[in-house]
Amino acid sequence: MLKIGVIGCGAIGKEHIKRLMYLVPGAQVVACADFYPEAAQKTAAMFQVPTVYQTGEELIGASEVEAVVITSADDSHFAYTLAAVKLGKQVFCEKPLALTASECEEIIAEEVKQGRRLVQVGFMRRYDPGYAKMKEIIDSGELGAPLMIHACHRNVFQSEGFQTEMGITNVAIHELDICRWLLGDEYKKAQVLKVKQSGRSTKGYDNPQIVLLETEDGSRIDVELQVCDAYGYDIQCQVVCEKGTINLPDPASVIMRAEARCSTELLTDWAKRFIEAYDIELADWVNAVEKGELTGPSSWDGYAACVAADALNRSRGTETFLPIEMIEKPGLYQ
Ligand SMILES: NC(=O)C1=CN([C@@H]2O[C@H](COP(=O)(O)OP(=O)(O)OC[C@H]3O[C@@H](n4cnc5c(N)ncnc54)[C@H](O)[C@@H]3O)[C@@H](O)[C@H]2O)C=CC1
Ligand SMILES: O=C1[C@H](O)[C@H](O)[C@@H](O)[C@H](O)[C@H]1O
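Residues numbered from 1 in each chain as written. Chains lettered and ligands numbered in written order. Predicted model: local features only at pLDDT ≥ 70, side-chain atom pairs only at ≥ 80, totals over all residues. Heavy atoms only, no water.

Per an unreviewed UniProt entry, the chain carries the name Inositol 2-dehydrogenase/D-chiro-inositol 3-dehydrogenase and comes from Ohessyouella blattaphilus. Under the UniProt heading Sequence similarities (unreviewed entry), the note attached to the chain is "Belongs to the Gfo/Idh/MocA family." Taken from UniProt, the Subunit (unreviewed entry) comment for the chain reads in full: "Homotetramer." (UniProt positions renumbered as here; feature names shortened; annotations may be inferred.)

What follows is the structure, encoded as structure tokens:
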């Protein structure tokens with residue numbers, strides 16, 4: 001039984017504790033912590049988590065904690081991940097891995113020093129059955145080489161404190177990971193465009209934005225990003241190949257016909273849209289840790305997404321593509 005400590009008892013922290021406690025075989029949440037101790041206490045009571053630590057650092061250092069799940073705020077991921085890796089503990093870190101390329105490189109260097117993979121990053125879309133099928137078709141060669149990806153990431157709301165740059169580092173980071181995974185390629189250059197702003201968005205940050213990317217083999221990606229105020233939580237992805245296209249399926253929804261209208265319901269956030277992906281992702285991680293061989297999204301994947309995000313945010317307002325330069329990929333991640 002893998003004894004897990006969870007840092008961050010907010011929206012996804014509670015979701016992951018619930019699935020680790022009641023759904024994922026071989027996992028036991030033995031401790032939790034939060035910046036607000038009362039949040040940790042309430043969560044522990046809700047899910048019968050035996051121990052609450054005052055800080056994330058204490059939880060990481062606790063001998064009873066064999067593996068750490070990080071579901072705290074984005075800007076805390078680097079320090080917690082590095083601290084856990086330095087102790088040789090397994091880490092599941094929600095996206096993003098870190099907010100700068102140098103922080104990601106520090107985590108990579110520590111993992112290389114430890115001589116084994118210790119980190120999985122929460123890029124759960126790879127485990128979504130729709131995206132997984134798309135990847136299977138691309139890799140089969142049935143439609144020839146992939147040439148382009150058109151994607152949309154539309155959100156209804158964002159939390160307090162959201163800023164323009166987080167549209168890339170927190171939201172579009174999913175497309176930055178899933179597109180390079182689908183194409184099996186790395187990014188060469190990137191540009192973010194500000195478009196005519198939606199009258200519905202009055203919170204002071206850019207909305208919508210458009211992300212443009214080119215990969216090493218010349219494939220092109222465009223992502224429409226509505227960080228908030230959209231009609232629903234709507235994730236679209238189409239891969240255009242030499243002989244045809246593949247579209248991400250919409251989540252199943254009943255079709256209602258009434259009063260001369262035909263309608264289906266749309267979701268409003270990530271929790272239900274990717275519930276299956278989160279379940280599979282965490283079960284895969286626990287299983288991989290027990291087997292001693294991580295196969296999910298690595299620190300390298302966290303770094304690759306972070307480097308692209310950094311170039312995108314630096315390109316804002318320049319009307320130009322900026323190059324994406326990466327360090328050499330260590331053998332640990334080949
Ligand atoms: N993979 C996915 O689809 C999703 C990933 N996320 C990621 O999960 C993380 C949490 O997101 P949410 O649950 O939506 O946020 P949230 O704000 O609901 O929860 C964050 C929790 O962490 C605590 N916290 C913040 N800083 C901390 C620190 N330094 N040490 C300990 N606790 C700290 C807060 O008090 C709060 O209880 C974020 O990094 C976000 O990017 C969130 C939603 C979906
Ligand atoms: O990771 C996520 C979610 O998956 C949503 O797509 C985003 O809108 C959210 O802001 C982010 O935390």
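1. Details of the overall build of the chain
The helix and strand tally for the chain stands at ten helices and 15 strands. Summarising its shape, the C-alpha atoms of the chain cover approximately 55 × 55 × 40 Å along the three principal directions. Scored against the burial criterion, the 334 residues of the chain give a buried share of 53%. Sequence separation of at least 24 residues holds for 73% of the intrachain contacts in the chain that already meet a minimum separation of 6. With 33 positive and 49 negative side-chain charges, the chain shows a separation of 3 Å between the mean positions of the two kinds. (Helix = DSSP H or I, 4+ residues; strand = E, 2+ residues; numbered from the N terminus. Buried < 20%, exposed > 50% of the residue type's maximum accessible area, 1.4 Å probe, protein only. Contact = heavy atoms within 4.5 Å. Lys, Arg positive; Asp, Glu negative; His and termini not counted. Charge placed at Lys NZ, Arg CZ, Asp CG, Glu CD.)

2. A look at the pattern of salt bridges
Taken as a whole and assessed by the stated rule, the structure comprises 20 salt bridges. The residue Arg126 makes a salt bridge to Asp301 at a minimum N-O spacing of 3.3 Å. Separated by 175 residues along the polypeptide, Arg126 in the loop between β6 (119-121) and α6 (129-140) and Asp301 in helix α10 (residues 299-315) bring together distant segments of the chain. With relative accessibility at 10%, the residue Asp301 sits in the buried group. Residues joined in a network through salt bridges with shared partners are Arg126, Asp177, Arg180, Glu186 and Asp301. (Salt bridge = Lys/Arg side-chain N within 4 Å of Asp/Glu carboxyl O.)

3. Side note on the sheet that holds strand β2 (residues 27-33)
Reading across the sheet, the six strands line up as β3-β2-β1-β4-β5-β6 and stay open at both edges, with parallel pairing between neighbours. Only two strands of the sheet have a single neighbouring strand rather than two, namely β3 (51-53) and β6. Sheet twist, expressed as the mean angle between neighbouring strand axes with direction ignored, is 25°. With four bridges joining them, strand β1 (residues 2-7) and strand β4 (residues 67-70) adopt parallel strand pairing. Bridged to Gly5 within β4 is Val68. (Pairing = 2+ DSSP bridges. Axes fitted to C-alpha atoms, helices over the stretch in contact; angles between N-to-C directions.)

4. Notes on the site of ligand 2
Surrounding ligand 2, one finds Lys95, His153, Asn155, Gln158, Asn170, Val171, His174, Tyr233 and Trp270. Between Lys95 and ligand 2, the recorded distance is 2.9 Å, taken from a side-chain N or O atom to an oxygen atom. One of the side-chain nitrogen or oxygen atoms of Asn155 is found 2.3 Å away from an oxygen atom of ligand 2. For ligand 2, whose accessible area on its own is 300 Å², the fraction buried by protein is 86%. It is helix α7 (residues 166-183) that contributes the most residues to the shell around ligand 2, three residues altogether. Looking at side-chain class alone, the shell around ligand 2 contains three nonpolar, five polar and one charged residues. (Near = heavy atom within 4 Å. Polar contact = N/O pair within 3.5 Å; in protein donor to acceptor, adjacent residues only side chain to side chain. Areas by Shrake-Rupley, 256 points an atom, 1.4 Å probe, with all protein chains shown as cover. Nonpolar A, V, L, I, M, F, W, Y, C, P; charged D, E, K, R; others polar.)

5. A closer look at the environment of Ile70
Topologically, Ile70 is positioned in strand β4. Sequence spacing of Ile70 and Lys95 is 25 residues, and the spatial spacing of their C-alpha atoms is 9.2 Å.

6. Quick look at the side chain of Asp301
Here the side chain of Asp301 touches Arg180 through a polar contact of 2.7 Å, side chain to side chain. When sequence neighbours within four positions are dropped, the list of residues in contact with Asp301 reads Phe123, Arg126, Asp177, Arg180 and Gly296.

7. Quick notes on the site of ligand 1
In the region of ligand 1, 24 residues are neighbours, and Asp34, Asp74, Tyr80, Lys95 and Tyr278 sit closest. Here an oxygen atom of ligand 1 and a backbone polar atom of Ser72 are 3.2 Å apart. Tyr278 places a polar side-chain atom, nitrogen or oxygen, 2.6 Å from an oxygen atom of ligand 1. In the complex, 79% of the free accessible area of ligand 1, which totals 840 Å², lies under the protein chains. For the shell around ligand 1, the secondary structure elements donating two or more residues are α1 (11-22), α4 (77-86) and α7. Across the shell around ligand 1, the residue classes tally to eleven nonpolar, nine polar and four charged.

8. Side note on the packing of aromatic side chains
Under the criterion given, the structure shown has five aromatic pairs. Summarising the aromatic geometry, the rings of Trp270 and Tyr278 are spaced 6.1 Å apart at their centres and angled 85° between planes, so their arrangement reads as edge-to-face. Assessed through its relative accessible area of 26%, Trp270 is described here as partly exposed. Seen from their ring centres, Trp300 and Tyr303 are 5.0 Å apart, and the 50° between their planes marks the pair as tilted. On the criterion of helical spacing, the pair formed by Trp300 and Tyr303 is a turn pair, its members being three residues apart in helix α10. Of the residues examined, Trp300 reaches a relative accessible area of 3% and is grouped as buried. Here Tyr303 falls in the buried class, since its relative accessible area comes to 1%. (Phe/Tyr/Trp six-rings, centres within 6.5 Å; stacked < 30°, edge-to-face > 60°.)

9. Quick notes on the domain arrangement of the chain
On domain assignment, one finds that the chain holds domain 1 (2-125 + 276-297) and domain 2 (128-268 + 304-333). Measuring from the centre of the C-alpha atoms in domain 1 to the corresponding centre in domain 2 gives 25 Å. At the junction of the two partners, domain 1 supplies 21 residues and domain 2 supplies 20 residues. Each partner contributes to the roughly 1,700 Å² buried at the junction of domain 1 and domain 2, and carbon and sulfur atoms together form 67% of this total. Sorting the residues of domain 1 by area buried against domain 2 places Lys95, Phe123 and Arg125 first, and these three jointly supply 45% of that buried surface. Remark: the boundary between domain 1 and domain 2 carries one salt bridge. Contributing elements (two or more residues each) for the side of domain 1 that touches domain 2: α5 (101-114) and α9 (275-291). The leading source of residues in the side of domain 1 that touches domain 2 is α5, at six residues. For the side of domain 1 that touches domain 2, the per-class residue count stands at ten nonpolar, three polar and eight charged. (Domains from an automatic or database assignment. Buried area = accessible area lost by both parts, 1.4 Å probe.)

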